[in-house]
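# Structure assessment
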Amino acid sequence: ETMEIYAPLSNRLGIGQLKWELEDLAFQVLQPSAYKAIATSLDERRIDRDKYIKTFVESLKSALVDNKIFEAEVTGRAKHIYSIHKKMKRKNLDITQIYHVPALRVLTK
């Protein structure tokens, strides 16, 4: 019910953060072993992922300024567990083959 109704509804209402939380919580209940495998793998690298995202965002902001793009918003976040699971299933990959765990967004005029 959460995956089929509430998560998509929250997404349509523009509440992306709620969608991600609902998906992760439902995934944890529906597929606990798959959830735990991904979560354990990510916990081992969480500090590295957060540091990488922060460094990459700062580097990208700097590159934009260097190229005279002054009006830009750059944000980054770690992908959520269910999102990583979907990518693994869609591309038939193992967690060790997933390198694009961060999600970056650049908004310009």
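Located above this text is the structure these notes cover.
In this report, the structure presented in the accompanying data block is examined. (Residues numbered from 1 in each chain as written. Predicted model: local features only at pLDDT ≥ 70, side-chain atom pairs only at ≥ 80, totals over all residues. Heavy atoms only, no water.)

Counting its secondary structure elements, the protein contains four helices and two strands. Start at the N end of the protein and walk to the C end: the helices and strands fall as α-α-α-β-α-β. In terms of overall dimensions, the protein has a C-alpha envelope of 50 × 35 × 25 Å along the principal axes. Across the 109 residues that make up the protein, the buried fraction comes to 28%. For the protein, the exposed surface amounts to about 8,000 Å²; the carbon and sulfur share of it is 53%. Charge separation in the protein, taken as the distance between the mean sites of 19 positive and 14 negative side-chain charges, equals 4 Å. (Helix = DSSP H or I, 4+ residues; strand = E, 2+ residues; numbered from the N terminus. Buried < 20%, exposed > 50% of the residue type's maximum accessible area, 1.4 Å probe, protein only. Areas by Shrake-Rupley, 256 points an atom, 1.4 Å probe, with all protein chains shown as cover. Lys, Arg positive; Asp, Glu negative; His and termini not counted. Charge placed at Lys NZ, Arg CZ, Asp CG, Glu CD.)

This next bit is on helix α2 (residues 16-30). With 15 residues, α2 extends 21 Å between its outermost C-alpha atoms, agreeing within 8% with the 21 Å of an ideal straight helix rising 1.5 Å per residue. Among the residues making up α2, those that are buried are G16, K19, E23, D24, A26 and F27. (Expected span 1.5 Å × (residues − 1).)

What follows covers the pattern of salt bridges. The final tally for this structure, using the stated rule, is three salt bridges. The salt bridge partner of E58 is K61, with a shortest N-O separation of 3.9 Å. Placement of the pair is E58 and K61 together in helix α3 (residues 32-66), with a separation of three residues, close to one helical turn. The residue K109 makes a salt bridge to E71 at a minimum N-O spacing of 3.1 Å. (Salt bridge = Lys/Arg side-chain N within 4 Å of Asp/Glu carboxyl O.)

On to the nonpolar core, then. Of all hydrophobic cores here, the largest spans eleven residues; its members are F27, Y35, I38, A39, L42, I81, Y82, I84, M88, I95 and I98. When residues of this core are traced back to their parent elements, those giving at least two are α3 and α4 (81-91). In terms of nonpolar packing, the next biggest core, distinct from the first, is built from five residues, I53, V57, L64 and A78 among them. (Core = buried A, V, L, I, M, F, W, Y, C linked by side-chain atoms within 4.5 Å.)

Turning our attention to the packing of aromatic side chains. Following the criterion strictly, the structure yields three aromatic pairs and no others. Here the aromatic rings of F27 and Y35 are separated by 5.9 Å at their centres, their planes lie at 65 degrees, and the arrangement is edge-to-face. Each member of the pair, F27 as well as Y35, is classed as buried. The structure contains a cluster of three or more aromatic residues connected by ring pairs, namely F27, Y35 and Y82. The lysine or arginine in question, R77, covers the ring of W20, its NZ or CZ lying 4.1 Å from the ring centre. (Phe/Tyr/Trp six-rings, centres within 6.5 Å; stacked < 30°, edge-to-face > 60°. Lys NZ or Arg CZ within 6 Å of the ring centre and 35° of its normal.)

A grouping of I5, Y6, L9, L13, I15 and L18 is seen on the molecular surface, where their side chains present a nonpolar patch of about 540 Å² in accessible area. Of all the elements, helix α1 (residues 2-12) adds the most residues to the nonpolar patch, at three residues. Considering the arrangement of structural elements, one finds L9 in helix α1. (Patch = residues over 30% accessible without salt bridge, like charges linked within 9 Å, V, L, I, M, F, W, Y side chains within 5 Å.)

A few words now on the packing of α2 against α4. Running from amino to carboxyl end, α2 crosses α4 at an angle of 70 degrees, the nearest separation of the two axes being 7 Å. Compared by their axis directions, α2 and α4 come out roughly perpendicular. Contacts from E23, D24 and F27 of α2 reach α4 at I81, Y82, H85 and K86. For the contact of α2 with α4, a count of residues per class yields three nonpolar, one polar and three charged. (Axes fitted to C-alpha atoms, helices over the stretch in contact; angles between N-to-C directions. Parallel < 35°, antiparallel > 145°, perpendicular 65-115°, else oblique. Contact = heavy atoms within 4.5 Å. Nonpolar A, V, L, I, M, F, W, Y, C, P; charged D, E, K, R; others polar.)

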